[in-house]
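# Architecture at a glance
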Amino acid sequence: MSPGMTVTDVEIGHARQRRSPDGRSAIEYLLASGAVAISLIEVDGAYVFRTGPLAKSRDIPSGRIFWISAQQAKPIVRRARKNAGPAPNLTSASTALHEAAADQRATLTPHDVAMSRAGDAATKLDRYLESLRGTGTLKEFNRAFKEHRMAAMARGQGFMTYKVAQARLRRALVPLLANGRTIGPVQSLFEQIFGADR
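Here's a quick rundown of the structure. Think of each chain on its own: its residues are numbered from 1, step by step along the sequence as written. The model is predicted, so local features are restricted to residues of pLDDT at least 70 and side-chain atom pairs to those at 80 or more, both for listing and for counting; the totals for chains, interfaces and linings are taken over all residues. To get the side-chain values, take all heavy atoms of the structure and skip hydrogens and water.

A rise of 1.5 Å per residue sets the reference length of helix α4 (residues 90-103), with its 14 residues, at 20 Å; its end C-alpha atoms lie 20 Å apart and thus fit the reference within 8%. For α4, every residue scored as buried is listed here: L90, A93, S94, A96, L97, H98, A100 and A101. N or O atoms closer than or at 3.5 Å make up a polar contact, with two conditions inside protein: a donor-capable atom paired with an acceptor-capable one, and, for residues adjacent in sequence, both atoms drawn from side chains. A helix here means a DSSP run of H or I that spans at least four residues, while a strand means a run of E at least two residues long, and both kinds are numbered starting from the N terminus. The opening residue of α4 is N89, an N-cap whose side-chain oxygen sits 3.1 Å from the backbone nitrogen of T91. A helix's residues, less one, multiplied by 1.5 Å, set its expected span. Per-residue accessibility, obtained with a 1.4 Å probe over protein chains only, is compared with the maximum for each type, and a residue is labelled buried under 20%, exposed over 50%, and partly exposed between these values.

Laid out in structure tokens, this is it:
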């Protein structure tokens, strides 16, 4: 999330969030990069602050969803709740949230901006994964998956599906690529992905 990206409620507007086929991969990228959503949700005429998954994000206008580092979210929401008072309207809740973020020197990124950036990053991740085919890394990944699956079966235990393993690989690559790094020793990366099922 780039610095100085805070936006007022007026600048954001209240347009409904657009759903796209790439929306899921963008959200997965955001979560894997250590971000979390803060949503302003109307409950009985007042607005409450929620952090966490966006299971029902299509029901929340995008101007009421912001992304921030997961480490910063709880203290900011706690402070925003205190500053907003017992039954804030949308304007006072939004103001309280932005003030709490500013007090913590944190940046709130509007949902549409975060989704656009994460969508671009997810596309780059797809390209990077495709480039791994040429280096033989994906062959090693497939071999490691088969070895771990066979070992689990020999112990009489279940093992993750290949689809789950691929999703874990994607998640493991996000922090590396977000920080401009590439895969180091693949064995430690594979242990990170497959080790949880041992």
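Helix axes are fitted to C-alpha atoms over the stretch in contact, other axes to C-alpha atoms as well, and angles between N-to-C directions run from 0 to 180 degrees. The contact between helix α2 (residues 23-32) and helix α5 (residues 111-135) brings their axes to 8 Å, and the two run at 90 degrees. One way to sum up the angle between α2 and α5 is to call them roughly perpendicular. Seen from α2, the contacting residues are G23, S25, A26, I27, Y29 and L30; seen from α5, they are A114, M115, A118, G119, A121, A122 and L125. Residues of the contact of α2 with α5, tallied by class, amount to ten nonpolar, three polar and no charged. Any angle between 65 and 115 degrees counts as roughly perpendicular, while under 35 counts as roughly parallel, over 145 as roughly antiparallel, and the rest as oblique. Only heavy atoms matter for contacts: two residues are in contact if any of them lie within 4.5 Å across the pair. Any residue outside Ala, Val, Leu, Ile, Met, Phe, Trp, Tyr, Cys, Pro, Asp, Glu, Lys and Arg is labelled polar, Gly included; the first ten of those are nonpolar and the last four are charged.

Right, let's get into the packing of aromatic side chains. Pairs were defined over the aromatic rings of Phe, Tyr and Trp, the Trp ring being its six-membered one, requiring ring centres within 6.5 Å. Orientation was assigned from the angle between planes: stacked under 30 degrees, edge-to-face over 60, tilted for the rest. A complete count under the given rule lists six aromatic pairs for this structure. Between F145 and F194, the ring centres sit 6.2 Å apart and the planes meet at 50 degrees, which makes this aromatic pair tilted. Of this pair, F145 sits in helix α6 (residues 137-154) while F194 sits in helix α8 (residues 186-194); the two residues are 49 residues apart in sequence, bridging distant segments of the chain. F145 gets classed as buried once you look at its relative accessible area, which sits at 5%. Overall, the relative accessible area of 0% leaves F194 in the buried class. Ring geometry for F159 versus F194: centroids 6.2 Å apart, planes at 35 degrees, classification tilted. One end of the pair, F159, is in the loop between α6 and α7 (162-178); the other, F194, is in helix α8, with 35 residues separating them in the sequence.

Here the focus is unusual backbone geometry. Non-glycine residue D44 carries a positive phi angle of around 55 degrees. Looking at where D44 falls in the secondary structure, it is placed in the loop between β1 (35-43) and β2 (46-51). For D44, a relative accessible area of 81% translates into the label exposed.

The next thing to look at is the nonpolar core. Ranked by internal contacts, the top residues of the largest apolar core, which has 35 residues, are W67, L169, L173, I193 and F194. Going through the elements one at a time, α2, β1, β3 (65-69), α5, α6, α7 and α8 are the ones with two or more residues in this core. Considering every element that reaches this core, the biggest residue donor is α5, with nine residues. Those residues in contact with F194, other than ones at most four positions away along the chain, are F141, A144, F145, H148, F159, M160 and A165. Put simply, a nonpolar core is a bunch of buried Ala, Val, Leu, Ile, Met, Phe, Trp, Tyr and Cys residues held in one set by side-chain atoms that sit within 4.5 Å of each other.

Think of a salt bridge as a Lys or Arg side-chain nitrogen and an Asp or Glu carboxyl oxygen that are within 4 Å of each other. Under the definition given, this model contains three salt bridges. A salt bridge links R79 to D103, with the shortest nitrogen-to-oxygen separation between them at 3.1 Å. Residue R79 is found in helix α3 (residues 70-84), and its partner D103 is found in helix α4; the two are separated by 24 residues along the sequence. Overall, D103 belongs to the partly exposed group, its relative accessible area being 46%.

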